[in-house]
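So you can see what is in the structure, the chains are spelled out below.
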Amino acid sequence: MTEAKYYFPNRVIQMMNVPFTVKLAVTEDDEVVQTILNDITEKVTDKLRQMDDDFSPFKNDSMVTRFQNGDEAPLIDSDEFQAVYAQTVIAEQMTHHYFNATFAGKYDPTGLVKGWAIEQAFEKYLRPLLMDAKIVGISLNGGGDMKLAVKQGCDFNWGIGIENPNDTQQILTTYYIQDGAIATSGNSKRGEHILRSNNSEIEQVTIISSSLVDADVWATAGISAGTEEMATLITESNLTGMMVDKKLGSIDFRNGVIKNAQKTSL
Amino acid sequence: MIKKAIGITLSFGVAVAMAIDGYIVFFKDQKTNTSTTSAETTSKKNATQTTSKSSSSSNSTDSNGQYKDGTYTGRSTSTQWGDVQVQITIKDGKLTAINVLKSPDTENKSVQINEQALPTYKSEAITAQSSKIQQISGATETYKGFTGSLQNALNQAEQ
């Protein structure tokens, strides 16, 4: 039995100041697949642009900016704004406010919107592609946070390398996922939406979940919580993933159980 | 005698109703609402008689374009943490309360999802050049950083 050969045609979209990669796993990379990929990339781009127009705090006429300026209309008229608002409130509560949707005293859902946008675009435009005989896998990666799926009954797994925060050309480990989401937060590159505790030695947090919003929220909360507090949250909320601590190194956890705890003093 | 009996029954009934109301307002709300405000009682009572559809805004504003007083309950949205609804109270033309209503089993549901739909994975040390990796998860890259990133290298290699 020979191992099936897969091809990974992809497109990169530049939006919300991050590169998004639409990547398929196909058994044959022909013109038909390329046409489908182009078409889907266009639709995903439009969806991401609409989300950016509606939720960017940097755009004067976005719903977020209007809401920040005291206009309650978005909260009453827009289903999408309501959905985002409700999720930020739940996210804050379940993470004991280590995830925070307030920036400089104003409501700012930026930390949640990208994951929600990926989730929406993925389910609406990418998921149906799995009906196509040649397409075995679909993925949408937005700056290192992604949603993935494979055709049912297929033996293909997406391989996801976790970047080493201290050397971005190296990977620490690889996860193989068929259907789910993975998000990583660090403290070195884009810290403006992450509030860090002073004594935290945490460098990076990766969370695997069925939902990207969930994974993203917990990864962000982990950086803000710090290693010791995050260990409590991992147990409390049955989290799965890994974190990197400056002193303790890599710490794996699955379903709320920290695996290599004997090596650490947690 | 009969009058007295009716009186007692009635006041007992009222007491029970008050107790239930009190339970709903003060106890149950703490569990299901993620934020509570002083306008809570009003919004709860109005919830049943006000419009439950958010997009029907045509009759929710007055001639000045201001929102009419009342409670507006948004459409129920399903999220990874269960179904949620946003409820807004407008008083004297001002937004006085925002409540997020969760389905009572939201907390439990999220745990269930975590356990049942958890992706299967195994981890191993492997080089980025391996053909077994198609994606890189790391702290969010900016545009400038993308050019030299592993993700970009993987994308190029697989075109």
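Up top you'll find the structure we're talking about.
Quantities reported herein were computed from a predicted structural model and do not represent experimental measurements. (Residues numbered from 1 in each chain as written. Chains lettered and ligands numbered in written order. Predicted model: local features only at pLDDT ≥ 70, side-chain atom pairs only at ≥ 80, totals over all residues. Heavy atoms only, no water.)

(A) Here's a closer look at the overall build of chain B. A count of helices and strands for chain B gives five helices and six strands. The helix and strand sequence of chain B, counted from the amino end, reads α-α-β-β-β-β-α-β-β-α-α. Sequence separation of 24 or more characterises 30% of the internal contacts of chain B that already satisfy a separation of 6 or more. In the structure as shown, chain B presents an accessible area of about 9,500 Å², 57% of it carried by carbon and sulfur atoms. (Helix = DSSP H or I, 4+ residues; strand = E, 2+ residues; numbered from the N terminus. Contact = heavy atoms within 4.5 Å. Areas by Shrake-Rupley, 256 points an atom, 1.4 Å probe, with all protein chains shown as cover.)

(B) View of the pattern of salt bridges. All names here are of chain A. Tallied over the entire structure, the rule returns 13 salt bridges over all chains. For the salt bridge of Lys59 with Asp53, the shortest nitrogen-to-oxygen distance reads 2.9 Å. When its relative accessible area of 34% is taken as the criterion, Asp53 is described as partly exposed. Several salt bridges converge on common partners, so that one network encompasses Glu119, Glu123, Arg127, Lys147 and Asp179. (Salt bridge = Lys/Arg side-chain N within 4 Å of Asp/Glu carboxyl O. Buried < 20%, exposed > 50% of the residue type's maximum accessible area, 1.4 Å probe, protein only.)

(C) Highlighting the interface of chain B and chain A. Listed by partner, the interface residues are 58 residues for chain B and 80 residues for chain A. Carbon and sulfur atoms supply 55% of the area that chain B and chain A bury against each other, a total of about 6,000 Å² over both sides. Linking chain B to chain A there are one salt bridge. For Asp79 of chain A, the salt bridge goes to Arg75 of chain B, with nearest N and O atoms at 2.9 Å. At the junction of chain B with chain A, the criterion picks out 18 residue pairs in polar contact (both at pLDDT 80 or more). Counting residues per element, the ones that place at least two in the side of chain B that touches chain A are strand E2 (77–79), strand E3 (82–91), strand E4 (94–102), helix H3 (106–116), strand E5 (123–124), strand E6 (135–137), helix H4 (143–146) and helix H5 (150–158) of chain B. Relative to E6 of chain B, strand E7 (residues 158–164) of chain A is paired through three bridges, and the arrangement is parallel. Note on E6 of chain B: the bridge partner recorded for Gly161 of chain A is Ile136 of chain B. (Buried area = accessible area lost by both parts, 1.4 Å probe. Polar contact = N/O pair within 3.5 Å; in protein donor to acceptor, adjacent residues only side chain to side chain. Pairing = 2+ DSSP bridges.)

(D) Looking closely at the sheet that holds strand E1 (residues 10–15) of chain A. Residues and elements named next belong to chain A. Sheet architecture is open: nine strands sit in the order E1-E2-E5-E6-E9-E10-E11-E12-E13, paired in antiparallel fashion. The sheet terminates laterally at E1 and strand E13 (257–258), the two strands that pair on one side only. For strand E5 (residues 135–142) and strand E6 (residues 145–150), the ladder comprises six bridges, and the chain directions are antiparallel. Following the sheet pairing, Ile138 is matched in E6 by Ala149. Helix H1 (residues 31–55) contacts E1, strand E2 (18–26) and E5 of the sheet and is inclined by roughly 15° relative to E1. Against the sheet, helix H7 (residues 227–236) makes contact with strand E10 (202–209), strand E11 (241–245), strand E12 (249–254) and E13, and its axis sits at roughly 165° relative to E11, the strand it touches most. (Axes fitted to C-alpha atoms, helices over the stretch in contact; angles between N-to-C directions.)

(E) Up close: the packing of aromatic side chains. Residue and element names in this part refer to chain A. Summed over the entire model, instances satisfying the criterion amount to ten aromatic pairs over all chains. With a centroid separation of 6.0 Å and an interplanar angle of 10°, the aromatic rings of Phe55 and Phe81 are classed as stacked. On the criterion of sequence distance, the pair formed by Phe55 in helix H1 and Phe81 in helix H4 (residues 79–94) is long-range, its members being 26 residues apart. For Phe55, a relative accessible area of 2% puts it in the buried group. Phe81 gets classed as buried once you look at its relative accessible area, which sits at 1%. Relative to Tyr107, the ring of Tyr85 lies with its centre 5.1 Å away and its plane at 45°, an arrangement referred to as tilted. With a gap of 22 residues between them, Tyr85 in helix H4 and Tyr107 in strand E4 (residues 106–107) connect regions that are remote in the sequence. As far as the burial class goes, Tyr85 and Tyr107 line up, both buried. (Phe/Tyr/Trp six-rings, centres within 6.5 Å; stacked < 30°, edge-to-face > 60°.)

(F) Representation of the nonpolar core within the structure. Residues and elements named next belong to chain A. Leu24, Phe81, Tyr85, Leu126, Ile138 and Ile207 are the most contacted members of the largest nonpolar core, which totals 81 residues. The residues touching Phe81, leaving out its near neighbours within four places in the chain, are Phe55, Met63, Val64, Phe67, Pro74, Leu75 and Tyr107. In terms of nonpolar packing, the next biggest core, distinct from the first, is built from 18 residues, Leu148, Ile162, Ile177 and Ile182 among them. (Core = buried A, V, L, I, M, F, W, Y, C linked by side-chain atoms within 4.5 Å.)

(G) Quick look at helix H5 (residues 110–126) of chain A. Taking 1.5 Å of rise per residue, 17 residues should cover 24 Å, and H5 of chain A covers 23 Å from first to last C-alpha, within 8% of that figure. Listed as buried for H5 of chain A are Leu112, Val113, Lys114, Gly115, Trp116, Ala117, Ile118, Glu119, Ala121, Phe122, Tyr125 and Leu126 of chain A. (Expected span 1.5 Å × (residues − 1).)

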